[in-house]
Amino acid sequence: KALVRDAVSRQVVGVVTSMQDITALKRLQQQLSEDEQRFRFLAEESPVPLVITRVSDAALLFSNKAADVLFRGSYAEHAGRSMRNLWVDAAACDQLVDRLKREGTVRGMEQQFRRFDGSIVWLLLSVTRGRYREDDALIFALKDITEAKERETELRTVAYTDVLTGIPNRRYFLARAALELRKAKRQGSPL
C-alpha cells in the first residue's frame, strides 16, 4: 500500500494497493502444522525407544516415553545433558559418528549403554543424521537386546564348558588352539 502524491502540490491524489491471494499458502501451512502434530504424537507414543542428540556435544534434545522407560530417567530430568557418558565404550560413540559421516545411516549396531541409574543394558541401534529444530542431530531408534546377549553368553559357556565339572571342554581346547595357532603365524613366533 502506498500513497500517490501530486508532483507539484504534494497533495495525496490516490492510493496504490497490491494484494496477493495467500489462501493456498495458508492451507499448506495448516497442513504442515497438522502433519507436525501427528508426527510428534507418533514419535512420543511409539513403543520403539527414540532419542535425538545434538552431534556437536551429544546433548539430549528429545526422548520419547519408551526411551525414558528404557533408560530409567525422563527427558524432563535430562534435557540438554550430554548422553556421551551413557556409552560404556566412549570410543564407540566416536566410531558411530565417523561411520555416519561416511554412510549416512547405521543399522543394527550392538552397543552397551549405562542407564541413568547406573545399570548396564545392551542395545541394538539404528541411527541417522538429520536436523532437529536448529541443530545437527543424531536420531536413534533403539531395541533392548540384553536378554539375548545374556543367553548368547550362557550358550557359549555351555558350548565350551563341561557341564559336570565346569572346566573347559575339548571344543574349547580346539577353538583356543586354532586361535593361538593363527596368532603365532601372524606374529611369526613359535607355538
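Residues numbered from 1 in each chain as written. Predicted model: local features only at pLDDT ≥ 70, side-chain atom pairs only at ≥ 80, totals over all residues. Heavy atoms only, no water.

Visitor: Mind laying out the environment of Ile22, listing which residues take part and the relevant values?
Guide: With respect to the helices, strands and loops of the structure, Ile22 is situated in the loop between β2 (12-16) and α1 (23-45). Looking at Ile22, the relative accessible area reads 39%, which means it is partly exposed. As a C-alpha pair, Ile22 and Glu44 span 22 residues in sequence and 33 Å in three-dimensional space. (Helix = DSSP H or I, 4+ residues; strand = E, 2+ residues; numbered from the N terminus. Buried < 20%, exposed > 50% of the residue type's maximum accessible area, 1.4 Å probe, protein only.)

Visitor: Describe the packing of aromatic side chains, and please don't skip the residues or the numbers.
Guide: Within the structure shown, the criterion is met by 5 aromatic pairs. Pairing Phe71 with Phe113 gives two aromatic rings, centres 6.2 Å apart and planes at 80°, and the pair type is edge-to-face. In this pair, Phe71 sits in helix α2 (residues 65-71) while Phe113 sits in strand β5 (residues 105-114), placing the two residues 42 residues apart along the sequence. The exposure classification of Phe71 matches that of Phe113, with both residues buried. Summarising the aromatic geometry, the rings of Phe71 and Phe116 are spaced 6.2 Å apart at their centres and angled 55° between planes, so their arrangement reads as tilted. Taken together, the residues Phe71 in helix α2 and Phe116 in the loop between β5 and β6 (120-132) connect sequence positions 45 residues apart. Within the aromatic cluster, the residues linked to one another by ring pairs are Phe71, Trp87, Phe113 and Phe116. A cation sits over an aromatic face here: Lys149 above Trp122, 4.5 Å from the ring centre. (Phe/Tyr/Trp six-rings, centres within 6.5 Å; stacked < 30°, edge-to-face > 60°. Lys NZ or Arg CZ within 6 Å of the ring centre and 35° of its normal.)

Visitor: How would you summarise the pairing of β2 if you had to cite specific residues and measurements?
Guide: Bridging between strand β1 (residues 2-5) and β2 involves 4 bridges; their strand directions are antiparallel. Paired with Arg5 across the bridge in β2 is Val12. The hairpin formed by β1 and β2 contains 6 residues between the paired strands, and Arg10 there has a positive phi angle of roughly 65°. (Pairing = 2+ DSSP bridges.)

Visitor: How would you summarise unusual backbone geometry if you had to cite specific residues and measurements?
Guide: Among all residues except glycine, the phi angle is most often negative; among peptide bonds, the trans geometry is most common. A positive phi angle, close to 60°, is found at Ala58, a residue other than glycine. Along the chain, Ala58 turns up in the loop between β3 (50-54) and β4 (60-63). The phi torsion at Arg133 lies on the positive side, around 55°, for a residue other than glycine. Inspection of the secondary structure puts Arg133 in the loop between β6 and β7 (135-144). Accessibility expressed as a relative area gives 60% for Arg133, which makes it exposed.

Visitor: Explain a nonpolar patch on the surface residue by residue, including any values.
Guide: On the surface, a cluster of nonpolar side chains totalling about 270 Å² of accessible area is made up of Leu3, Val12 and Val15. Position of Val15 among the secondary structure elements: in strand β2. (Patch = residues over 30% accessible without salt bridge, like charges linked within 9 Å, V, L, I, M, F, W, Y side chains within 5 Å. Areas by Shrake-Rupley, 256 points an atom, 1.4 Å probe, with all protein chains shown as cover. Salt bridge = Lys/Arg side-chain N within 4 Å of Asp/Glu carboxyl O.)

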